[in-house]
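Take a look at the letters that make up each chain.
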Amino acid sequence: MTQTVKNTILFAIIALMIIYTGFAQSWNSALLIIAMGLISSIMALGVNLQWGFAGLFNVGVMGFVALGGLAAVLVSMPPTEGAWSTGGFAILGALALGAATVMAAVMLMKRMAPGTLRTLSVIAVLVIGFFIFRALLDPAVQAVEAINPAQTGYLGGLGLPVLISWPVGGLFAAGAAWLIGKTALGLRSDYLAIATLGIAEIIIAVLKNEDWMSRGVKNVIGLPRPVPYEIDLQNNPAFVERAAGLGFDPVDASTLWVKLLYIALFAAVLIVLLWMSQRALHSPWGRMLRAIRDNEVAAEAMGKDVTARHLQVFILGSAICGIAGAMMTTMDSQLTPGTYQPLRFTFLIWVMVIVGGSGNNFGAILGGFLIWFLWVQVEPMGLWLMNLITAGMSEGSAMKAHLIESAAHMRLLTMGIVLLLVLRFSPRGLIPER
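Numbers given for residues are sequential positions, taken from 1 along each chain in its written order. Only residues with pLDDT of at least 70 get local features here, since the model is predicted, and only at 80 or more are side-chain atom pairs given and counted; chain-wide, interface and lining totals rely on the full set of residues. Only hydrogens and water are set aside; all other atoms, that is, all heavy atoms of the structure, feed into the side-chain values.

(A) View of the confidence of the model for the chain. For every residue, the predictor assigns a confidence score, pLDDT, that lies between 0 and 100. On average, residues of the chain score 90 in pLDDT, and 100% of them reach the 70 mark or higher. In this description a helix means any DSSP run of H or I spanning at least four residues, a strand means any run of E spanning at least two, and both kinds are numbered starting from the N terminus. Mean pLDDT values over the elements of the chain span from 78, in helix H17 (residues 398-405), up to 95, in helix H3 (residues 61-76).

Following this line, the structure appears as structure tokens:
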């Protein structure tokens, strides 16, 4: 069996599983799996670009995804009335002062001779700058957060079309990746993993605690959508008539149509990114990255700038994750910083890449759909299995209650089993690198 036939069969199996979900459960569930599978595949493409192409162990995927979600808020939400005049410009000024303080400290470190005088000068600049920064920032933040805190209490956004936030989310993530890469890419792979994980947690902590930026844990809801609202479709006589002609209830038809529109948008983005990734993979740049991945010392001896190439691919992969984060927040119509967990937005994406096939873009897409399908469907399947196992037990049995309650943890067990099976029988993934 050729690799092409095998790949086709694997994708066909995923498609059949989703179709079966549509018949056995609901087509709403099946379409939601497709939509989230597309977003997960885009995240997996970004991680595959970093790990599969260049061997960079990035465990901060969650932070870049969250920055994409922040971009959706800052671009699409309307500005909060009175927030900018009350304290918005003062906050920007304080942030600019903080950045200038850090830059001044860096310049002193570079230009002054090592010694006690340089150390004291840098400490003095940082301490004085910090107190001035807090003196400007704190009153402005309090003023902004006091504006209708039950509904707003933050600066708001630019009120632009939400689709613009998708590339902006990529830019946000790329900017953060540049800052991280300039400082951390010189580290060994294990230290790079620790650094990226820590920085991702810092990003989430900022999103949770800085209410003036995106309401923190109070969440931003009601983001504008690039597709119609279901209620508007249900009140549209032409849509209701077409739905009735096809034998659909207007409510079901509206939800299905909205999900189909999201799927079309997400699929278009995935196709563009896949085409670009394939071009990069087979270009001299892609071959150089794989040579660096396989033997950094030999590549450096051939005159290749290893650090610069690592920085490039780290920025590009992170930008793709940022785009996916903005897309996911757009579909959810809300930003909830409390839901960004490493298990969901880092570990799961890595499982997708490893199971699908590291270094193969089609493998990343296959892994995205397969692992997301299992992540969603294993819990109801586990509940069915536990009910079957405990069918003969009495209703008051403590063992029966425990087994049924443990069904929610089946997804973690399943992810581990799938990962172990693939690593045992297909160590290079279901669709290995060619």
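Read on for the rest.
(B) Fine view of the layout of surface pockets. For the largest pocket, the calculated volume is near 1100 Å³. Think of a 1 Å grid over just the protein atoms. A cavity is a set of points where a 1.4 Å probe fits yet cannot get out, a pocket is an open set with protein on both sides within 12 Å along at least five of seven lines, and lining residues have an atom within 4 Å of a point. Taken together, 30 residues line the largest pocket, and the ones lying closest to its centre are Leu67, Leu95, Val206, Trp212 and Met213. Elements represented by at least two residues in the lining of the largest pocket include exactly H3, helix H4 (83-111), helix H5 (116-145), helix H6 (165-184), helix H7 (189-209) and helix H8 (211-214). Ranked by the residues each element gives to the lining of the largest pocket, the list is headed by H4, at 6 residues. When residue character is reported, Ala, Val, Leu, Ile, Met, Phe, Trp, Tyr, Cys and Pro are called nonpolar, Asp, Glu, Lys and Arg charged, and the others, Gly included, polar. Of the residues in the lining of the largest pocket, the class split is 26 nonpolar, 2 polar and 2 charged. Grid points are joined across faces, edges and corners, and a volume is the space filled by probe spheres set on the points. By volume, the second largest pocket amounts to about 300 Å³. Surrounding the second largest pocket, 19 residues form its lining, Leu56, Leu185, Leu187, Glu296 and His310 being those nearest its centre. Listing elements by their share of the lining of the second largest pocket, those giving two or more residues are H7, helix H12 (284-294), helix H13 (296-301) and helix H14 (306-332).

(C) Quick peek at unusual backbone geometry. Although it is not a glycine, Arg215 adopts a positive phi angle of roughly 65°. Along the polypeptide, Arg215 turns up in the loop between H8 and strand S1 (220-221). Positive phi values are uncommon outside glycine, yet Asn219 reaches one of about 70°. Secondary-structure assignment places Asn219 in the loop between H8 and S1.

(D) Layout of the side chain of Arg290. Turning to its location among the elements, Arg290 is positioned in helix H12. Throughout, exposure labels follow a simple rule: accessible area from a 1.4 Å probe, protein chains only, divided by the maximum for the residue type, with under 20% read as buried, over 50% as exposed, and the rest as partly exposed. Neither His nor the chain ends contribute to the count of charged residues, in which Lys and Arg are positive and Asp and Glu negative. What counts as a salt bridge is simple: a side-chain nitrogen of Lys or Arg found within 4 Å of a carboxyl oxygen of Asp or Glu. In this structure, Arg290 is buried with no salt-bridge partner, the nearest side chain bearing the opposite charge being Glu433 at 4.0 Å.

(E) Broad picture of the packing of helix H15 (residues 342-356) against helix H18 (residues 410-425). For the pair H15 and H18, the least separation of the axes is 10 Å and the interaxial angle reads 30°. Considering their axes alone, H15 and H18 lie roughly parallel with respect to each other. Once H15 is placed against H18, the crossing between them reads as left-handed. Between H15, through Leu343, Phe347, Leu348, Val351, Ile354 and Val355, and H18, the contact on the second element is made entirely by Leu412, Met415, Val418, Leu419, Val422 and Leu423. Looking at the contact of H15 with H18, its residues break down into 12 nonpolar, no polar and no charged. With axes taken as lines fitted to C-alpha atoms, and helix axes fitted only over the stretch in contact, angles between N-to-C directions fall between 0 and 180 degrees. Between 65 and 115 degrees an angle is taken as roughly perpendicular, under 35 as roughly parallel, over 145 as roughly antiparallel, and anywhere else as oblique. Here a crossing is taken to be left-handed if its near helix is turned anticlockwise relative to the far helix by less than a right angle, and right-handed if that turn runs clockwise. Two residues form a contact once any of their heavy atoms are found within 4.5 Å.

(F) How the structure looks around the packing of helix H2 (residues 27-54) against helix H11 (residues 250-281). Their axes nearest at 9 Å, the elements H2 and H11 cross at an angle of 20°. It follows from the interaxial angle that H2 and H11 lie roughly parallel. In the packing of H2 onto H11, the handedness of the crossing is left-handed. When its residues are assigned to classes, the contact of H2 with H11 shows 21 nonpolar, 4 polar and 1 charged.

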